[in-house]
Amino acid sequence: MSYDAIVIGAGMSGLAAGIRLAMFDKKVVILEKHSIPGGLNSYYQRRNFDAGGIRQFDVGLHALTNFIKKGEKGKPFSKLLKQLRLSYDDFKLCPQTYSKISFPGMELKFSNDFELLLNEVYEKFPTEIDSFNALVLKVQNFNELDLSIGYQSSRQVLKDLIKDELLTEMLLCPLLIYGSAWEDDMDFAQFVIMFKSLYFEGFSRPEGGVRTIISLLMKKLEDAGGEIRFKAPVNSILTRDGKAIGVDVGGEELFAPVILSSIGYPETVRITPALETISAPRVGAMTFLESIFVFDKKIPTTQNDSTIVFYNNALKYAYRPATNYFDDKSAVVCFPDNYEAHNTSGEGTVRVTYMANYSQWRELDRSGYDAKKDEVKASALGLVKKLVPQFDGKLLFTDIFSPMTIERYTWHLNGTVYGSIDKTRDGSTKVPGLFIIGTDQGFLGIVGSILSGISLANLHGLMASDS
Amino acid sequence: MTANNVRQIVLDIIADIAPDEDVTSIDDSKSLREQLDLDSMDFLDIVMELRKRHKVEVPQEDYPKLATLESCVSYLSPKFA
């Protein structure tokens, strides 16, 4: 069978690429190994007959970044709406109340109004007002879309501007854990993307969670006439004379001159025999554990009305794999009920994310694995207690996913979430016709991934066919 | 097809790809990009819609000829003839 383009993976970037191509009558097929779409931002359900029956959960989504108000223009989210011809209202965005970065003796709040963070810094770091303004200006004027800019250490850039190390650590904390494949530092271009999407623009969550976004994209793909196959694992990428010509999917050969792979850069190289000779892109080391707790009542808003807490109990922020299975000295705690106009059920949910260590989790046998999960649960519940001390809700349900769970369902090597530390920013590989989209193109989060799929579909699937 | 028809074809496309824009107040001699919130991705969509709806091809090197409504009309009119 022949296509104009083949997309590997039905995550956010793959769906977006498929939609763009199908919209303009390209013959396209999306091949997904899993039985459902979403990729790293998928969903699942758990049964609990003792309390409440079936519950639906999002896999990764704490927050949709890049929040805009209806009608705002020229922003990543507005580009996404236009390119996919979706309407703002379809997303049913519930904005965050505010979030906070919590370090020993110091707290910085931020919201979807940048003024809040600005005022917090002015008030709490009065000696850094000028330097923070200079950083904001630098971020505003930086062209993060210029793909020719090489790696620049964010810590070095910050060191040259900001004297108070605590401010640097606090600013870096959410940006690193919400998107860095690198340990302890990140490329300054990525820093700028993250700074804009988290601090300038902010967080929201679609009513109904990630399913709302996935159903919009699936509907759009169907309406445009795009084909999608589930349980369709790509075994290898076929080449002739060094060029991509198709894929082997479950033993069947499909042909296309353009292949957009969203499964990760190292993961793509592994199934491309023609790339065997190149030095493989390195697999990142950052992986995570997430505990989801459901209580019989909402977390009282008088005690804690923040949406996300970036917690760290040291003055330095150590963003690196845990030395001992999981690191509870720092965490991201998400209270999804504290998105405005969101919670309609009587239950309260908390999600606690810890940095983890893949190789240690991999070595555990079944009982060791379960025992370790119990340790994570006790620790994370302890942290919730610390953040909302008076809360006396009864725990109804717990679900914990580990680096092994992430690897099992996303096929990301070593359970990475932010992919390889060797990004291909323009998506190109050594094989003409084969392109990387999604996380390993270096655009982060749901909005970034969708824009990555759109722009490479435009460039290699639509514009290329002009000539 | 009259110049006015071609103008309307382009306006209809813009209205579809950028539904939030007011296309009634466009100055034909001024850059579309400066008057509306259009970026290079949107110009690609204008080209793709011309092909999809009217089988009119605009090669990549001619994209600059779509800069203003006026230049769109003079460039596209022969293609609709």
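Fair warning: this is a prediction, and the values are worked out from it, not measured in the lab. Per chain, the residues get numbers from 1 upward, laid out in the order the sequence is written. Key to labels: chains lettered from A, ligands numbered from 1, both in the order written. Two thresholds apply to this predicted model, a pLDDT of at least 70 for residue-level local features and 80 or more for giving and counting side-chain atom pairs, whereas whole-chain, interface and lining totals are computed over all residues. Processing note: side-chain calculations cover all non-hydrogen atoms of the structure and skip hydrogens and water entirely.

**Q** What's the story with the overall build of chain B in this structure? I'm lost.
**A** What chain B contains, in helices and strands, is 4 helices and 0 strands. Walking chain B from its N terminus toward its C terminus, one meets helices and strands in the order α-α-α-α. Atoms considered for the radius of gyration are the C-alpha atoms alone. The globule rule reads 2.2 Å times the number of residues to the power 0.38. Taking 81 residues into account, the globule formula puts the C-alpha radius of gyration at 12 Å, and chain B, at 11 Å, falls close to it. For chain B, the C-alpha atoms occupy an extent of roughly 30 × 25 × 20 Å along the three principal directions. Three labels apply to residues, based on accessible area from a 1.4 Å probe with only protein chains included: buried if under 20% of the type maximum, exposed if over 50%, partly exposed otherwise in between. The burial tally for chain B puts 47% of its 81 residues in the buried class. In this text, helices come from DSSP runs of H or I with a minimum length of four residues, and strands from runs of E with a minimum of two, each type numbered from the N-terminal end.

**Q** I keep staring at the nonpolar core and nothing clicks. Help me out?
**A** Looking at soluble globular proteins, one finds that nonpolar side chains tend to be buried together. Throughout, nonpolar core names a set of buried Ala, Val, Leu, Ile, Met, Phe, Trp, Tyr and Cys residues whose side chains join them through atoms within 4.5 Å. By size, the foremost hydrophobic cluster in this structure holds 74 residues, and its most contacted members are Phe77, Phe91, Leu217, Leu260 and Ile450 of chain A together with Leu50 and Leu76 of chain B. With 9 residues, helix 13 (residues 445-463) of chain A is the single largest residue contributor to this core. In what follows, residue pairs with any heavy atoms lying within 4.5 Å of each other are defined as contacts. Not counting residues within four places of it along the chain, the set of residues in contact with Leu260 of chain A comprises Ile6, Val7, Ile8, Ala17, Leu21, Phe435, Ile437, Leu456 and Ala457 of chain A. Among the nonpolar cores identified, the runner-up in size contains 63 residues, and Met106, Val139, Leu176 and Phe188 of chain A belong to it.

**Q** Any chance you could explain the packing of aromatic side chains here in plain terms?
**A** Centre distance and the angle of the planes are the two values used to describe a pair of aromatic rings. All names here are of chain A. Any pair of Phe, Tyr and Trp rings, taking the six-membered ring for Trp, is counted once the centres come within 6.5 Å. Such a pair is stacked with planes under 30 degrees apart, edge-to-face with planes over 60 apart, and tilted for the rest. Under the counting rule described, the total for this entry stands at 25 aromatic pairs over all chains. Consider the rings of Phe110 and Phe203, whose centres lie 5.7 Å apart with planes at 70°: the pair is edge-to-face. Separated by 93 residues along the polypeptide, Phe110 in strand 7 (residues 106-110) and Phe203 in the loop between helix 7 (188-201) and strand 8 (204-206) bring together distant segments of the chain. By relative accessible area, Phe110 is classed as buried at 0%. You can call Phe203 buried: its relative accessible area is 0%. Ring geometry for Phe191 and Phe195: centres 5.7 Å apart, planes at 40°, overall tilted. Here Phe191 pairs with Phe195, and both are found in helix 7, just 4 residues apart, close to one helical turn. Accessibility classification places Phe191 together with Phe195 in one group, the buried group. Members of the aromatic cluster, connected to one another through ring pairs, are Phe110, Phe114, Phe132, Phe142, Tyr178, Phe188, Phe191, Phe195, Tyr199, Phe200, Phe203 and Phe310. Lying over the aromatic face of Tyr325, Lys372 brings its terminal NZ or CZ to 4.1 Å of the ring centre. Two limits define a charge over a ring: the Lys NZ or Arg CZ must be within 6 Å of the ring centre, and within 35 degrees of the ring normal.

**Q** In this structure, what is going on with the side chain of Arg20 of chain A? I would like to understand it.
**A** Here Arg20 of chain A is to be found in helix 1 (residues 12-23). With relative accessibility at 0%, the residue Arg20 of chain A sits in the buried group.

**Q** Got a minute to help me understand the sheet that holds strand 1 (residues 5-8) of chain A in this structure?
**A** By definition, the strands of a sheet pair up through backbone hydrogen bonds, in either a parallel or an antiparallel sense. Residue and element names in this part refer to chain A. Strand pairing is assigned whenever DSSP detects at least two bridges linking the two strands. Here 5 strands make up an open sheet; going across it, the order is 9-2-1-13-19 and the pairing parallel. Edge positions in the open sheet fall to strand 9 (227-229) and strand 19 (434-436), since each of these has one partner strand only. Across this sheet, the average inter-strand angle for adjacent strands is 20°, counted without regard to direction. The pairing of strand 1 with strand 2 (residues 28-31) spans 4 bridges and is parallel. Bridging from a neighbouring strand, Ala5 pairs with Val28 of strand 2. To get an axis, fit a line to the C-alpha atoms, keeping to the stretch in contact for a helix; angles then go from 0 to 180 degrees between the N-to-C directions.

**Q** Looking at this structure, I do not really get the domain arrangement of chain A. What am I missing?
**A** One frequent convention defines the size of an interface as the accessible area lost when the parts assemble. All names here are of chain A. Segmentation into domains, and thus their bounds, comes from an automatic or database assignment. Structurally, chain A comprises domain 1 (1-48 + 60-94 + 203-282 + 427-467), domain 2 (109-201) and domain 3 (285-410). Between domain 2 and domain 3, the C-alpha centre-to-centre distance is 25 Å. Between domain 2 and domain 3, the residue contacts involve 15 residues of the former and 14 residues of the latter. Put simply, buried area is how much 1.4 Å-probe accessible surface two parts lose in total, over both of them, once they are put together. Summed over both sides, the interface of domain 2 with domain 3 buries roughly 1,400 Å², with 63% coming from carbon and sulfur. Interface area lost by domain 2 to domain 3 is led by Glu169, Ile177 and Asp184, which between them contribute 40%. What counts as a salt bridge is simple: a side-chain nitrogen of Lys or Arg found within 4 Å of a carboxyl oxygen of Asp or Glu. The interface formed by domain 2 and domain 3 contains 2 salt bridges. With a closest N to O distance of 3.4 Å, Lys316 and Glu169 form a salt bridge. Two N or O atoms count as a polar contact when they lie within 3.5 Å, although within protein this holds only if one can serve as hydrogen donor and the other as acceptor, and sequence-adjacent residues are included solely when both atoms are side-chain atoms. Our count for the domain 2 to domain 3 interface comes out at 6 residue pairs in polar contact (both at pLDDT 80 or more). Per-element tally for the side of domain 2 that touches domain 3: the top contributor is helix 6 (residues 165-177), with 7 residues.

**Q** Just to check I follow, could you spell out the interface of chain A and chain B for this structure?
**A** Listed as interface residues are 18 residues of chain A and, on the opposing side, 20 residues of chain B. For the pair chain A and chain B, the interface holds 7 salt bridges. Across the pair Lys82 of chain A and Asp37 of chain B runs a salt bridge, and its minimum N-O distance is 3.6 Å. Counting across the chain A and chain B interface gives 10 residue pairs in polar contact (both at pLDDT 80 or more). Every element with two or more residues in the side of chain A that touches chain B is listed here: helix 1, helix 2 (76-84) and helix 13 of chain A. By residue number, the principal contributor to the side of chain A that touches chain B is helix 13 of chain A, which donates 5 residues. In the side of chain A that touches chain B, the residues fall into 5 nonpolar, 5 polar and 8 charged. Amino acids outside the nonpolar list (Ala, Val, Leu, Ile, Met, Phe, Trp, Tyr, Cys, Pro) and the charged list (Asp, Glu, Lys, Arg) are all regarded as polar, and Gly is one of them.

**Q** Sorry if this is basic, but what is going on with the side chain of Glu290 of chain A here?
**A** Residue and element names in this part refer to chain A. Structurally, the position occupied by Glu290 is in strand 14 (residues 288-295). Take Glu290: its relative accessible area is 4%, and that puts it in the buried class. A polar contact of 2.6 Å, which involves the side chain of Glu290, links it to the side chain of Arg351. Only 2.4 Å separates the side chain of Glu290 from the side chain of Thr353, close enough to count as a polar contact. The residues contacting Glu290, other than those within four sequence positions of it, are Val59, His62, Arg351, Val352, Thr353, Asp399, Ile400 and Phe401.

**Q** What's the story with unusual backbone geometry in this structure? I'm lost.
**A** Only a minority of non-glycine residues have a phi that is not negative, and only a minority of peptide bonds are not trans. Residues and elements named next belong to chain A. In the Ramachandran plot, Asp25 falls in the positive-phi region, its phi being about 65° despite a non-glycine side chain. By the element assignment, Asp25 lies in the loop between helix 1 and strand 2. You can call Asp25 exposed: its relative accessible area is 56%. In this structure, Lys231 takes a positive phi of about 50° despite not being glycine. Within the secondary structure, Lys231 sits in the loop between strand 9 and strand 10 (234-240). Using a relative accessible area of 64% as the deciding quantity, one classes Lys231 as exposed.

**Q** Before we go on, may I ask you to explain the packing of helix 3 (residues 114-124) of chain A against helix 4 (residues 129-141) of chain A in this structure?
**A** Each pair of packed helices gets described by two things: the angle between the helix axes and the distance between those axes. Residue and element names in this part refer to chain A. Packing of helix 3 against helix 4 leaves a shortest axis separation of 9 Å and a crossing angle of 150°. In terms of orientation, helix 3 lies roughly antiparallel with respect to helix 4. With respect to the hand of their crossing, helix 3 and helix 4 are arranged in right-handed fashion. For the pair helix 3 and helix 4, contact is made by Phe114, Leu117, Leu118, Val121 and Tyr122 and by Ile129, Phe132, Asn133 and Val136, respectively. Angles are sorted into four bins: roughly parallel if under 35 degrees, roughly antiparallel if over 145, roughly perpendicular if 65 to 115, and oblique for all others. The handedness criterion is simple: a crossing whose near helix is rotated anticlockwise from the far helix by less than a right angle is left-handed, and one whose near helix is rotated clockwise is right-handed.

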